[in-house]
Amino acid sequence: MENETYKKLYFQAFNCLTDLIKEIERIQEDLEEMYLEAEDHPEGNTDQ
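Residues numbered from 1 in each chain as written. Predicted model: local features only at pLDDT ≥ 70, side-chain atom pairs only at ≥ 80, totals over all residues. Heavy atoms only, no water.

1. Details of the pattern of salt bridges
Then, number 1: Counting across every chain of the model gives 2 salt bridges.
Then, number 2: A salt bridge links Arg26 to Glu23, with the shortest nitrogen-to-oxygen separation between them at 2.7 Å. Note that Arg26 and Glu23 are positioned in helix H1 (residues 2–40) at a spacing of 3 residues, about one turn of the helix.
Then, number 3: Look at Arg26 and you get partly exposed, because its relative accessible area is 40%.
Then, number 4: Here the salt bridges do not stand alone but share partners, grouping Glu23, Arg26 and Asp30 into one network. (Salt bridge = Lys/Arg side-chain N within 4 Å of Asp/Glu carboxyl O. Helix = DSSP H or I, 4+ residues; strand = E, 2+ residues; numbered from the N terminus. Buried < 20%, exposed > 50% of the residue type's maximum accessible area, 1.4 Å probe, protein only.)

This is the structure:
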């Protein structure tokens, strides 16, 4: 029974880490988009 508890905890931790990795990848993609947009529209180059 103790072995089953450890297996359950292991898989819960594994799933949490997998979700965290996916979230980090999503944030990296968002940051890359923001960087590329900022590169296309530098702040010092506004025509207002």
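Moving on from the model shown.
2. Details of a negative patch on the surface
Then, number 1: A grouping of Glu25, Glu29, Glu32, Glu33, Glu37, Glu39 and Asp40 is seen on the molecular surface, where their side chains present a negatively charged patch.
Then, number 2: Among the secondary structure elements, Glu29 is positioned in helix H1. (Patch = residues over 30% accessible without salt bridge, like charges linked within 9 Å, V, L, I, M, F, W, Y side chains within 5 Å. Areas by Shrake-Rupley, 256 points an atom, 1.4 Å probe, with all protein chains shown as cover. Lys, Arg positive; Asp, Glu negative; His and termini not counted. Charge placed at Lys NZ, Arg CZ, Asp CG, Glu CD.)

3. What about the packing of aromatic side chains?
Then, number 1: Under the criterion given, the structure shown has 2 aromatic pairs.
Then, number 2: Aromatic pair Tyr10 and Phe11: ring centres 5.3 Å apart, planes at 75 degrees, arrangement edge-to-face.
Then, number 3: For Phe11, a relative accessible area of 48% corresponds to the partly exposed category.
Then, number 4: Relative to Phe14, the ring of Tyr10 lies with its centre 6.3 Å away and its plane at 25 degrees, an arrangement referred to as stacked. In this pair, Tyr10 and Phe14 are both assigned in helix H1, 4 residues apart and thus about one turn of the helix distant. (Phe/Tyr/Trp six-rings, centres within 6.5 Å; stacked < 30°, edge-to-face > 60°.)

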